[in-house]
Amino acid sequence: MKKVITLLTDFGLRDPYVGAMKGVILSICPDANIVDISHEIRKFDIRQGAYVLAASAPFFPKGTIHVGVVDPGVGTSRKAIIIETKKSFYIGPDNGLLTLAALREGVKKVVQITNSKYMLPRVSRTFHGRDIFAPAAAYLANGVPIENFGPLLEEYEILSFSKPHVRKDQIEGEIIYVDGFGNIVTNIYSEILEKVGISEEDKIKVLLNDKLGKVLKICKAYNEVKKGEFLAIIGSGNFLEISINQGNAAKKLNVKEGAKIKIKLT
Amino acid sequence: MKKVITLLTDFGLRDPYVGAMKGVILSICPDANIVDISHEIRKFDIRQGAYVLAASAPFFPKGTIHVGVVDPGVGTSRKAIIIETKKSFYIGPDNGLLTLAALREGVKKVVQITNSKYMLPRVSRTFHGRDIFAPAAAYLANGVPIENFGPLLEEYEILSFSKPHVRKDQIEGEIIYVDGFGNIVTNIYSEILEKVGISEEDKIKVLLNDKLGKVLKICKAYNEVKKGEFLAIIGSGNFLEISINQGNAAKKLNVKEGAKIKIKLT
Amino acid sequence: MKKVITLLTDFGLRDPYVGAMKGVILSICPDANIVDISHEIRKFDIRQGAYVLAASAPFFPKGTIHVGVVDPGVGTSRKAIIIETKKSFYIGPDNGLLTLAALREGVKKVVQITNSKYMLPRVSRTFHGRDIFAPAAAYLANGVPIENFGPLLEEYEILSFSKPHVRKDQIEGEIIYVDGFGNIVTNIYSEILEKVGISEEDKIKVLLNDKLGKVLKICKAYNEVKKGEFLAIIGSGNFLEISINQGNAAKKLNVKEGAKIKIKLT
């Protein structure tokens, strides 16, 4: 069966960089099935890349090789790593980008890529995606054992989003992602809502950076409120989201990732 | 032979949504050949999605499975459907998105997707692309008969663009698409021009929302007029288009989809 | 082994055009492995397209078929061509788009596509990507000999970037690309720096359109300077680049492709 290799970068889609990575992979592993997760991660935004990777990786087949490149430290002493989990492989810089997704699957081992046999002959200062990560993915897909790439690592960068806190009848959380629709994704997962006794159809008071002092219904569909109106909803990642039916909630509220949110049952 | 599954959505390319759909498809049908038609459909714009799907679907091989997700009604009672035509399959919400393309191929049957066996175990409120449409496409590619997905539907949403009208020596039509070059695509197909006695090389008077009161030549190439000048041309979809040679006609005229156009022979 | 067919266009990703090309290819050659290099080339910008193609093509496997469509002259007498090099094939308009990449690989022969047997039955005025170039790529992938497509061409459009000049202790060059990070790529390749006695770790005085009269260190990594500060670096294409660590140098300096640059050792 063809190996699936996914790519997630902040390279955008105009430049030659994504194409070059794909060319490198196919030159080494002609049978690879390359799948783009996203190349539109905000430049240098490791947290955004980690979120998008963690939100899509669970849906890929066992054995998938995920390559992530959001790499402001390229060329410095930051390590290049391969993480093997119980389900997949993650390849990229050791800056936390990969760990949000990898830790959820259970990390088996982490290897530092040091063996130049599995890199391009000439490694540039600025583009390890092409020169180190893409070849590593292709050789791994070809069956090269993970140990051959370099030494085992005991320590590596962990990135995690803050957990929501329950204070009395109130949940305090954080905005972890704003999607292209303007949906505001919080770190408040559905199970914690139950703890506080909040369930679907309930109405909650929402404070976003102390801005939106609104009471919103937790809806089962965007269309439960009129077009242009705010609502709360359990989104596809199982987190509480604040949205506008057919509108852009984040733009309307000028809310960005990292903003604070407080909710309580009315 | 590998089954081709195409994707058309309004998800954009940053978010984890397209990647998640591809992961779901490959988890169920590892051999699927997934092809992106577009993920940059204007958010919630079913008509634009229908146009883009109908303009590209005819060029795909027989048996292709097209998945379309522009789905403002997700989570409501709008149905999830599979349309089988004489050439292809179309999977998505029952909101008209699929019918412009499907009707041209001749609809054989339409089935409502109700069998949860062919959905993800947990269906979210907000992302049926991942939880219902992607799995349906993958199972269909695996050979599951269309009847297994649910009951036959007699009625489903039809979307169509208005037809151009001939009044005396004048044709009145509508803008059905503005492309990334700013080419203004009308619903005036080449055959109707012949009826009124207009043919290539002729000059026509064009009124766009009563704005452009210009006489334009129907050119055989953009380059027949100088850079920056307006022209008319029979475009690649066999419709009359208004363009600027190496410029953006839609921006210059501030014309949007849905605008009215009147043309007559000068 | 599956034939790799790459696509590079200025079509953008919303319109039906890229999807239609892929459909045409898969209809003729179901086994093709289609890889997107870029569809976000600036509209009509042949030079930008040529740069991106030349920067990514070297990394693809031998035998790859590259299709390039930046084609302001579509529908005119400009020719449709196939270039066979020692490594790959290039298909597109005869306007220079393909030659920057092709010449580096050593051109073996150039053929004009005239045989309508290998085109779509109906060739439009405006979309030869779909009607001529995509079918040619697919038939070539199927094994049709290049001679069957049409007559050999002795002359074809050559596009090249100006070479940097060394004047006394100063190198005068040109900006050939600005990438999505705002990195300013010059035509000053690393070997010419050595000639003037400039090497990594040195400091150089940089004049960009006589604007940036700054002394910059040639760094080994972006991170060698503080976030937001300018630096010089040998980029992934082996050219001197001017950058800002985690910032957008081109935006800050308002520098565009084609601008002049002068550097000298301080």
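Quick caveat, the model's predicted, so the values are computed rather than measured.

**Student:** What exactly am I supposed to notice about the domain arrangement of chain A here?
**Tutor:** How big an interface is tends to be expressed through the accessible area that disappears when the partners come together. All names here are of chain A. Assigned domains within chain A: domain 1 (4-149) and domain 2 (165-265). The C-alpha centroid of domain 2 is placed 33 Å from the C-alpha centroid of domain 1. Contacts between domain 1 and domain 2 engage six residues on the former and five residues on the latter. Surface buried jointly by domain 1 and domain 2 totals about 460 Å² across both partners, of which 54% is contributed by carbon and sulfur atoms.

**Student:** How should I be thinking about the pattern of salt bridges in this particular structure?
**Tutor:** Think of it this way: side chains of opposite charge can pair up when their charged atoms draw near. This model, assessed by the stated rule, comprises 42 salt bridges over all chains. Its salt-bridge partner being A:E224, residue A:K217 comes within 2.8 Å of it at the nearest N-O pair. A residue is classified by how much of its surface remains accessible, and A:E224, at 34% relative accessible area, is partly exposed. Its salt-bridge partner being C:K220, residue C:E201 comes within 3.7 Å of it at the nearest N-O pair. With C:E201 in the loop between α5 (190-195) and β10 (203-208) and C:K220 in the loop between β11 (214-219) and β12 (230-234), this residue pair connects regions lying 19 residues apart in the sequence. Assessed through its relative accessible area of 32%, C:K220 is described here as partly exposed. One salt-bridge network, in which partners are shared between bridges, spans A:E201, A:K217, A:K220 and A:E224.

**Student:** Is there a simple way to explain the sheet that holds strand β4 (residues 80-85) of chain C in this structure?
**Tutor:** Picture the strands of a sheet paired through backbone hydrogen bonds; they go either parallel or antiparallel. All names here are of chain C. Within the open sheet, the six strands sit side by side as β2-β1-β3-β5-β4-β6. Their pairing is mixed. Strands at the two margins of the open sheet, each flanked by one partner only, are β2 (33-38) and β6 (107-112). Averaged over all neighbouring strand pairs, the angle between strand axes comes to 20°, with direction disregarded. As defined by bridge partners, strand β1 (residues 4-9) adjoins strand β3 (residues 65-69) across five bridges and the pair is classed as parallel.

**Student:** Looking at this structure, how should I read the interface of chain B and chain A?
**Tutor:** Taken residue by residue, the interface counts 30 residues in chain B and 38 residues in chain A. Counting each side, the surface lost to burial between chain B and chain A is near 2,800 Å², with a carbon and sulfur contribution of 58%. Summed over the three residues of chain B that lose the most area to chain A, namely B:R14, B:P16 and B:R125, the buried surface amounts to 24% of that side. Inspection of the chain B/chain A interface yields one salt bridge. Linking chain B with chain A are 12 residue pairs in polar contact (both at pLDDT 80 or more).

**Student:** Any chance you could explain the interface of chain A and chain C here in plain terms?
**Tutor:** The partner chain C presents 38 residues to the 30 residues of chain A that form the contact. Buried area between chain A and chain C, summed over both chains or domains, comes out near 2,800 Å², and the portion from carbon and sulfur atoms is 58%. Where chain A packs against chain C, one counts one salt bridge. The closest approach of N and O atoms between C:E200 and A:R125, which form a salt bridge, is 2.6 Å. Taken together, the connections running from chain A to chain C amount to 12 residue pairs in polar contact (both at pLDDT 80 or more). Of the residues forming the side of chain A that touches chain C, the biggest block, eight residues, is contributed by helix α1 (residues 17-28) of chain A. Tallied by class, residues from the side of chain A that touches chain C come to 13 nonpolar, eight polar and nine charged.

**Student:** Help me understand the packing of aromatic side chains in this model?
**Tutor:** Think of a pair of aromatic rings as described by two things: how far the centres are apart, and how the planes are tilted against each other in angle. Taken as a whole and judged by the stated rule, the model has 25 aromatic pairs over all chains. Aromatic side chains B:F11 and B:Y17 sit 5.9 Å apart centroid to centroid with 70° between the ring planes, which places their arrangement in the edge-to-face category. Of the two residues, B:F11 and B:Y17, neither departs from the other in class, the shared state being buried. Judged by centre distance (4.9 Å) and plane angle (45°), the rings of C:Y118 and C:F149 are tilted. One end of the pair, C:Y118, is in the loop between β6 and α4 (128-141); the other, C:F149, is in the loop between α4 and β7 (165-167), with 31 residues separating them in the sequence. Each member of the pair, C:Y118 together with C:F149, is buried. Above the face of the A:F181 ring, B:K43 is positioned so that its terminal group lies 4.1 Å from the ring centre.

**Student:** Looking at this structure, I do not really get the relation of the copies chain A and chain C. What am I missing?
**Tutor:** The operation relating the two chain copies consists of a rotation about an axis and a shift along that axis. Turning chain A through 120° and shifting it by 0.0 Å along the axis lays it on chain C, with an RMSD of 0.0 Å. Here the two chains are linked by the operation of a three-fold rotation axis. With a heterologous cut-off of 20% or less, the 7% of interface residues of chain A that recur at the interface of chain C puts this contact in the heterologous class.

**Student:** Please explain unusual backbone geometry as it appears in this structure.
**Tutor:** All names here are of chain C. Even without glycine at this site, Q246 takes up a positive phi of about 55°. Given the relative accessible area of 26%, Q246 is considered partly exposed. Positive phi, normally seen in glycine, also occurs at N254, with a value near 50°. Assignment of secondary structure puts N254 in the loop between α6 (249-253) and β14 (260-265).

**Student:** Mind showing me how you'd approach the sheet that holds strand β2 (residues 33-38) of chain A here?
**Tutor:** All names here are of chain A. Read from one edge to the other, the open sheet built from six strands follows the order β2-β1-β3-β5-β4-β6, with strand pairing classed as mixed. The strands lining the two open edges of the sheet, one partner per strand, are β2 and β6 (107-112). Between one strand and the next, the sheet's axes are offset by a mean angle of 20°, whatever the strand orientation. Relative to β6, strand β4 (residues 80-85) runs antiparallel, the two being bridged by five bridges. In the strand pairing of β6, E84 is matched with K109.

**Student:** Before we go on, may I ask you to explain the nonpolar core in this structure?
**Tutor:** Nonpolar side chains in soluble globular proteins tend to end up buried together. With 70 residues, the main nonpolar core has C:I5, C:V67 and C:I91 as its most contacted residues. Counting residues in hydrophobic clusters, the runner-up holds 69 residues, among them A:L26, A:I65, C:I83 and C:V110.

So, how was this worked out
- Residues numbered from 1 in each chain as written.
- Chains lettered and ligands numbered in written order.
- Predicted model: local features only at pLDDT ≥ 70, side-chain atom pairs only at ≥ 80, totals over all residues.
- Heavy atoms only, no water.
- Domains from an automatic or database assignment.
- Contact = heavy atoms within 4.5 Å.
- Buried area = accessible area lost by both parts, 1.4 Å probe.
- Salt bridge = Lys/Arg side-chain N within 4 Å of Asp/Glu carboxyl O.
- Buried < 20%, exposed > 50% of the residue type's maximum accessible area, 1.4 Å probe, protein only.
- Helix = DSSP H or I, 4+ residues; strand = E, 2+ residues; numbered from the N terminus.
- Pairing = 2+ DSSP bridges.
- Axes fitted to C-alpha atoms, helices over the stretch in contact; angles between N-to-C directions.
- Polar contact = N/O pair within 3.5 Å; in protein donor to acceptor, adjacent residues only side chain to side chain.
- Nonpolar A, V, L, I, M, F, W, Y, C, P; charged D, E, K, R; others polar.
- Phe/Tyr/Trp six-rings, centres within 6.5 Å; stacked < 30°, edge-to-face > 60°.
- Lys NZ or Arg CZ within 6 Å of the ring centre and 35° of its normal.
- Least-squares fit on C-alpha atoms with pLDDT ≥ 70 in both.
- Core = buried A, V, L, I, M, F, W, Y, C linked by side-chain atoms within 4.5 Å.

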